[in-house]
Amino acid sequence: MAVPKDLRYSKEHEWVKVEGDNARVGITYFAQSELGDIVFVELPEVGDEVTANEPFGSVESVKTVSELYAPISGKVVEVNEELSDNPEFVNESPYEKAWMVVIEPSDKADIDALMSAEQYEEMTNEG
């Protein structure tokens, strides 16, 4: 699976898409493929503050429960409510339907500190 070039990536396998002043966040194809079939997604509430590299939710698969780590700090301004009823979107469409939250960054430098697609591909190929 190709890694979308227009996104930024965290070491914890979250992707970030900059949209104006905000950042849309989800987990990568690599992450969902490692987890297996996703059966439940727990996300924060709109208005919650998240901190870079700290847990902000979790995904449960048939194999395990895995925490989601915020790739950037900021305030949650949107949550993908569809994932409550359709957790399988994480497996079927990790970059489109399965975005998880939109964050208003408290520091845009957090985004610059994330990996490029090339750096992320390098990291996941080494694993």
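Here the structure is shown first, and the text comes after it.
Procedures and definitions
- Residues numbered from 1 in each chain as written.
- Predicted model: local features only at pLDDT ≥ 70, side-chain atom pairs only at ≥ 80, totals over all residues.
- Heavy atoms only, no water.
- Patch = residues over 30% accessible without salt bridge, like charges linked within 9 Å, V, L, I, M, F, W, Y side chains within 5 Å.
- Areas by Shrake-Rupley, 256 points an atom, 1.4 Å probe, with all protein chains shown as cover.
- Salt bridge = Lys/Arg side-chain N within 4 Å of Asp/Glu carboxyl O.
- Helix = DSSP H or I, 4+ residues; strand = E, 2+ residues; numbered from the N terminus.
- Buried < 20%, exposed > 50% of the residue type's maximum accessible area, 1.4 Å probe, protein only.
- Polar contact = N/O pair within 3.5 Å; in protein donor to acceptor, adjacent residues only side chain to side chain.
- Contact = heavy atoms within 4.5 Å.
- Pairing = 2+ DSSP bridges.
- Axes fitted to C-alpha atoms, helices over the stretch in contact; angles between N-to-C directions.
- Core = buried A, V, L, I, M, F, W, Y, C linked by side-chain atoms within 4.5 Å.

Visitor: Just to check I follow, could you spell out a nonpolar patch on the surface for this structure?
Guide: Taken together, the side chains of V39, F40 and V62 present a nonpolar region at the surface, about 290 Å² in accessible area. Turning to its location among the elements, V62 is positioned in the loop between β6 (55–61) and β7 (65–69). Residue V62 is classed as exposed on the basis of its relative accessible area, which comes to 63%.

Visitor: Got a minute to help me understand the side chain of S73 in this structure?
Guide: Relative to the assigned elements, S73 resides in the loop between β7 and β8 (74–79). A polar contact is formed between the side chain of S73 and the backbone nitrogen of A52, at a distance of 2.8 Å. Not counting chain neighbours up to four residues away, the residues in contact with S73 comprise V50, T51, A52, I103, E104, P105, S106, D107 and D110.

Visitor: Please explain the sheet that holds strand β2 (residues 14–19) as it appears in this structure.
Guide: Backbone-to-backbone hydrogen bonds pair the strands of a sheet. The strands run either parallel or antiparallel. Strand order in the open sheet made by the six strands is β1-β2-β3-β9-β8-β5, with antiparallel pairing throughout. Two strands close off the open sheet at either side, each with one partner strand: β1 (8–9) and β5 (49–50). In this sheet, strand β9 (residues 101–105) lies alongside strand β3 (residues 22–27) in antiparallel orientation, the contact comprising three bridges. Pairing of V25 across the sheet is with V101, part of β9.

Visitor: Would you mind going over the sheet that holds β7 with me for this structure?
Guide: The antiparallel open sheet is built from three strands, whose spatial order is β4-β6-β7. Two strands in the sheet have a free side with no partner beyond their single neighbour: β4 (38–42) and β7. Strand-to-strand twist of the sheet, defined as the mean angle between neighbouring strand axes without regard to direction, takes the value 25°. For β6 and β7, the ladder comprises five bridges, and the chain directions are antiparallel. Across the sheet, residue P55 finds its bridge partner in β7, namely Y69.

Visitor: It is not clear to me how the nonpolar core should be interpreted in this structure. Could you clarify?
Guide: Side chains of nonpolar character tend, in soluble globular proteins, to be buried together. One finds L43, F56, L83, V90 and M100 to be the most contacted residues of the largest nonpolar core, which totals 26 residues. Listed by contribution, the elements that provide at least two residues to this core are β3, α1 (29–35), β4, β6, β8, α3 (89–92) and β9. Setting aside its immediate chain neighbours within four residues, L43 contacts F56, L68, V79, N80, L83 and M100. Grouped together as the second largest cluster of nonpolar side chains are 10 residues, V3, W99, V102 and A117 included.

Visitor: Would you mind showing me how to read the pattern of salt bridges here?
Guide: Any two side chains of opposite charge can pair, so long as their charged atoms come close to each other. Enumeration according to the criterion identifies three salt bridges in this entry. A salt bridge links R24 to E19, with the nearest nitrogen and oxygen atoms 2.9 Å apart. Its relative accessible area of 17% is what places R24 among the buried residues. Its relative accessible area of 28% is what places E19 among the partly exposed residues. Ionic pairing is found between D21 and K108, a salt bridge with its closest N-O pair at 3.9 Å. Placement of D21 in the loop between β2 and β3 and of K108 in the loop between β9 and α4 (109–112) is noted, with a sequence separation of 87 residues between them. Of the residues examined, D21 reaches a relative accessible area of 56% and is grouped as exposed.

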